[in-house]
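Residue-level listing of the chains:
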Amino acid sequence: MLEITSETTQTKDQETKPEIYRALGVREYFQYDPSGDYLNPILQGVRLINNQYEPIAANNIAFDTLWLFSEVLGLELHIISGELRFRVPETGEFLKTHKEENLGRLAAESTLRSLVTQLLNSGMSLEQVAQMMNLSTVEVRRLVGENF
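Definitions and limits used
Residues numbered from 1 in each chain as written. Predicted model: local features only at pLDDT ≥ 70, side-chain atom pairs only at ≥ 80, totals over all residues. Heavy atoms only, no water. Helix = DSSP H or I, 4+ residues; strand = E, 2+ residues; numbered from the N terminus. Buried < 20%, exposed > 50% of the residue type's maximum accessible area, 1.4 Å probe, protein only. Areas by Shrake-Rupley, 256 points an atom, 1.4 Å probe, with all protein chains shown as cover. Lys, Arg positive; Asp, Glu negative; His and termini not counted. Charge placed at Lys NZ, Arg CZ, Asp CG, Glu CD. Pairing = 2+ DSSP bridges. Axes fitted to C-alpha atoms, helices over the stretch in contact; angles between N-to-C directions. Contact = heavy atoms within 4.5 Å. Polar contact = N/O pair within 3.5 Å; in protein donor to acceptor, adjacent residues only side chain to side chain. Salt bridge = Lys/Arg side-chain N within 4 Å of Asp/Glu carboxyl O.

Draft legend 1. How the structure looks around the overall build of the chain. On a plain count of helices and strands, the chain comes out with 4 helices and 8 strands. The linear arrangement of helices and strands in the chain, starting from the amino end, is β-α-β-β-β-β-β-β-β-α-α-α. A buried classification covers 29% of the 148 residues belonging to the chain. Surface summary for the chain: the accessible area is close to 9,600 Å², and the carbon and sulfur share equals 52%. Within the chain, the 21 negative side-chain charges are centred at a point lying 6 Å from the centre of the 13 positive side-chain charges.

Draft legend 2. Main features of the sheet that holds strand E1 (residues 2–4). With respect to topology, 4 strands assemble into an open sheet ordered E1-E2-E3-E4, the strand pairing being mixed. Since the sheet does not close on itself, it has two edges, and those belong to E1 and strand E4 (52–55), each with one partner. The sheet shows a mean angle of 25 degrees between the axes of neighbouring strands, direction not considered. Of the strands in this sheet, E1, strand E2 (28–32), strand E3 (43–49) and E4 touch helix H1 (residues 10–24), which is tilted by about 160 degrees from E2.

Draft legend 3. Inspection of the side chain of Gln31 at higher detail. Along the polypeptide, Gln31 turns up in strand E2. Taking relative accessible area as the criterion, Gln31 reaches 8% and is therefore assigned buried. Of the polar contacts made by the side chain of Gln31, one reaches the backbone oxygen of Asp13; its length is 3.0 Å. Excluding residues within four positions of it along the chain, Gln31 makes contact with Glu3, Thr5, Asp13, Gln14, Leu39, Ile42, Leu43 and Gln44.

Draft legend 4. Summary view of the pairing of E4. Pairing of E3 with E4 involves 4 bridges; the strand directions are antiparallel. For Arg47, the partnering residue across the bridge sits in E4 and is Glu54. With antiparallel pairing between neighbouring strands as the criterion, E3 and E4 make up a hairpin whose turn holds 2 residues, including Asn50 at a positive phi of roughly 50 degrees.

Draft legend 5. Structural detail: the environment of Asp37. Looking at the secondary structure, you find Asp37 in the loop between E2 and E3. In this structure Asp37 comes out as exposed when scored by relative accessible area, which is 57%.

Draft legend 6. Quick peek at the environment of Leu112. With respect to the helices and strands, Leu112 occurs in helix H2 (residues 98–121). Beyond its immediate chain neighbours, meaning those up to four positions away, Leu112 contacts Met133, Leu135 and Leu143.

Draft legend 7. Local environment of the pattern of salt bridges. Scanning the entire structure with this criterion turns up 10 salt bridges. Of the charged contacts, one joins Arg87 and Glu76 as a salt bridge, the two residues approaching to 2.5 Å between their closest N and O atoms. Of the two residues, Arg87 is situated in strand E8 (residues 83–87) and Glu76 in strand E7 (residues 75–80); the sequence distance between them amounts to 11 residues.

Draft legend 8. The arrangement of the environment of Ala107 in detail. Mapped onto the secondary structure, Ala107 falls in helix H2. Separated by 87 residues in sequence, Ala107 and Ile20 place their C-alpha atoms 43 Å apart.

Draft legend 9. Region of the structure containing the pairing of E3. The pairing of E2 with E3 spans 5 bridges and is classified as antiparallel. By the bridge assignment, Gln31 is partnered in E3 with Gln44.

Right, dumping it as structure tokens:
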């Protein structure tokens, strides 16, 4: 479980919710304070051991970088310059943020749109392009708009 802590949720996140989660058997509970105003350090975690929550040791790498390991996720939760990132320990790669994922999707769609446009401009029909690209004709029309 990961909670984003704020002024209005801090007391509940630190006092009420851990007891509820413990009773439910939630194995790990993390709190993250993106503003840095309510938690020090801004990322904290506990692990359920013998029906009690025990703190998960934070690993400080640098002044503004720390991380905790989640056994449940099999991932490291990193704070890098105040931003929460998830890292795969086996590869050392960070999972993409929502923004990075969205930018990647937009870039892929732009490339696909360009390719579909080139095929249509070469004389192929909408149906031929759809079949060749394994897309529906509706999807091809969406990609190129009303230009074809």
